[in-house]
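Per-entry structural report
Chain by chain, the residues:
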Amino acid sequence: MSRTSVALLGATGSIGTQTLEVLRREPERFELTSIAGGSGNLERLIEIAKEFGVNRIGVPTNACRDLVMTAMPGVSVLVGDEGLSELASSADTVVNAVVGFAGLPVTLSALEAGKRLALANKESLIAAAPLVERVRHTPGAELLPIDSEHCAIHQALAGASKAEGFPDVRRLVLTASGGPFRGWASEALDQVTKAQALAHPTWAMGPKITIDSSTLMNKGLEVLEAAALFGIEVDRVDVVVHPQSIVHSMVEYVDGSVIAQLSKPDMRLPIAYCLGMPERLDHSWGAMDFQTPFSLEFLPPDTQNFPALTIAYEAARLGGAAPAWLSAANEVAVAAFLNDQISWRQIVETVAETLALYEPVTLTSLTELLAADKRAREVATANLPR
Ligand code: NAD
Ligand code: MG
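Here's what I pulled together on the structure shown here. Here the structure is a predicted model, which means the values were calculated and not measured.

1. A word on the pairing of strand E5 (residues 93-96)
In E5, alternate side chains face the same way, and those of Thr93 and Val95 on one face and Val94 and Asn96 on the other are all buried. In this structure, strand E1 (residues 4-9) lies alongside E5, joined through 4 bridges in parallel fashion. Bridge pairing in E5 links leucine 8 to valine 95. Of the strand pairs in this sheet, E5 and strand E6 (residues 116-119) are connected by 4 bridges, and their pairing is parallel. Counterpart to valine 94 in the pairing with E6 is leucine 117. Handedness of the β-α-β unit built from E5, helix H5 (residues 104-112) and E6 comes out right-handed.

Below you can see the structure in the form of structure tokens.
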């Protein structure tokens, strides 16, 4: 049996590292042929290349390329967005584990080239949904979600009618841990520190998504992600807080039946699901223990203290480039928070103010999307409190 070639773009991050663990376990099935990463962790990127014998490496700048070529003469080093696009077009399966809008070339190129795209990078799908829709039907192309909620829904939809718009599905129900500040009083939220916001109760993840989880913007983005992935209206996507992060999401059918997917929180499970499809890989990541008693809770989200969710639905209803504006403004605000420029509360305030200034465009081309992303970042930056 020939091995499936895998390109892992965003190899040094949280999802990247966990994808490597899955690959290490399945050397007969998968061959890692390309990796890419940002400028922050080149040494780790080189280590990965050496361990897996990878000879195609993507980096963001020429300076990074020179460093990698000095350390590993003979490998081919590809630079920038073009490099990411080329790497995403040249493996059977592409894992997009890049963080933020920077992952866009990976998403579009993998689908255009008819590859399987195992997508962790939700930001690219949210911003580019109409463009993704055009390329995802390329022969051979497959879009599988690594994001645990969407992977759960993918599994829970297995028995659904395949007709467009899922006629026998009433709604998708995304679960949210509620983040570290669930139940906090409004006054306490004014005093949130960076360390507190970076301490997620159930998942260990990269800094950007950890902050997004603390504001519930991650769940807002995931509502948009679900609508784009499954081609369903946002009004049929609901959110319920579930602090244990055991039920990863649910599908409610029109007869009232609810199908859920459960496991302990472990991203290696959805990663392995996306890599192995249609086969299930035999491993115990996330395996449940029903011998020790435990309880599961479900409660409605607190949209008063966590307005991000409401704002995300608004962006969805505005359509066009509004989701791209939401996501871009959020990236700017989260970076400013991590840089100690603004307070935790001001993250979502900045996003709301930016979205209020949204300049409507219908997204029909990549040029329009890149312009919208740039403009949203300018507006968000100008609106950062000083
Ligand atoms: P992370 O910060 O840990 O890793 C990000 C990776 O992207 C790193 O390898 C970094 O080097 C790379 N990168 C950054 N800029 C780049 C660029 N310009 N070119 C190439 N590579 C670049 O982030 P993460 O937590 O692994 O998250 C990655 C994506 O997966 C995000 O979109 C996140 O929302 C999504 N996601 C993550 C988790 C999780 O458990 N970590 C769960 C669900 C979804
Ligand atoms: Mg998620």
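On we go from here.
2. Re the packing of helix H1 (residues 14-25) against helix H13 (residues 268-276)
Look at H1 against H13: their axes get within 9 Å of each other, and the N-to-C directions meet at 60°. Judged on the interaxial angle alone, H13 and H1 are oblique. As H1 runs across H13, the sense of the crossing is right-handed. Only Arg268, Ile271, Ala272 and Leu275 of H13 make contact with H1, whose side of the interface consists of Ile15, Gln18, Thr19, Glu21, Val22 and Leu23. Looking at the contact of H1 with H13, its residues break down into 6 nonpolar, 2 polar and 2 charged.

3. Considerations on empty space enclosed by the protein
With the rule as written, the count across this model stands at 1 cavity of 30 Å³ or more. Its boundaries defined by the atoms lining it, the largest cavity holds a volume of some 50 Å³. Secondary structure elements with two or more residues in the lining of the largest cavity: helix H8 (148-156) and H13. The element contributing the most residues to the lining of the largest cavity is H8, with 4 residues. Taken together, the residues of the lining of the largest cavity break down into 5 nonpolar, 5 polar and 2 charged.

Thresholds applied
- Here the residue index of a chain counts from 1 through its sequence in written order.
- Going through the entries in the order they are written, you letter the chains from A and number the ligands from 1.
- Residue-level local features of this predicted model are given only where pLDDT is at least 70; pairs of side-chain atoms are given and counted only at 80 or more, and the full residue set underlies all totals for whole chains, interfaces and linings.
- Processing note: side-chain calculations cover all non-hydrogen atoms of the structure and skip hydrogens and water entirely.
- Each residue is placed in one exposure class: buried if its accessible area under a 1.4 Å probe, protein chains only, is under 20% of its type's maximum, exposed if it is over 50%, and partly exposed if it falls in between.
- Runs of E in the DSSP output that reach at least two residues are strands. Runs of H or I that reach at least four are helices, and both are numbered from the N terminus.
- At least two bridges found by DSSP between two strands is the condition for calling them paired.
- Viewed with both strands pointing away, a crossover whose connecting path from the first strand over the helix to the second turns clockwise is right-handed.
- Working convention: axes come from line fits to C-alpha atoms, limited for helices to the stretch in contact. Angles between N-to-C directions cover 0 to 180 degrees.
- Angle categories: roughly parallel below 35 degrees, roughly antiparallel above 145, roughly perpendicular from 65 to 115, and oblique for all the rest.
- For any helix crossing, the convention is left-handed if the near helix is rotated counterclockwise from the far helix by under a right angle, and right-handed if that rotation is clockwise.
- The criterion used for residue contact is that any of the two residues' heavy atoms lie within 4.5 Å.
- Residues are sorted three ways: Asp, Glu, Lys and Arg are charged, Ala, Val, Leu, Ile, Met, Phe, Trp, Tyr, Cys and Pro are nonpolar, and all the rest, Gly among them, are polar.
- Here a cavity denotes grid points, spaced 1 Å and computed from the protein atoms alone, that fit a 1.4 Å probe unable to get out, and a pocket denotes an open set having protein on both sides within 12 Å along at least 5 of 7 lines; residues with an atom within 4 Å of a point are the lining.
- Grid points are joined across faces, edges and corners, and a volume is the space filled by probe spheres set on the points.

Limitation: the analysis is restricted to geometry and does not speak to function.
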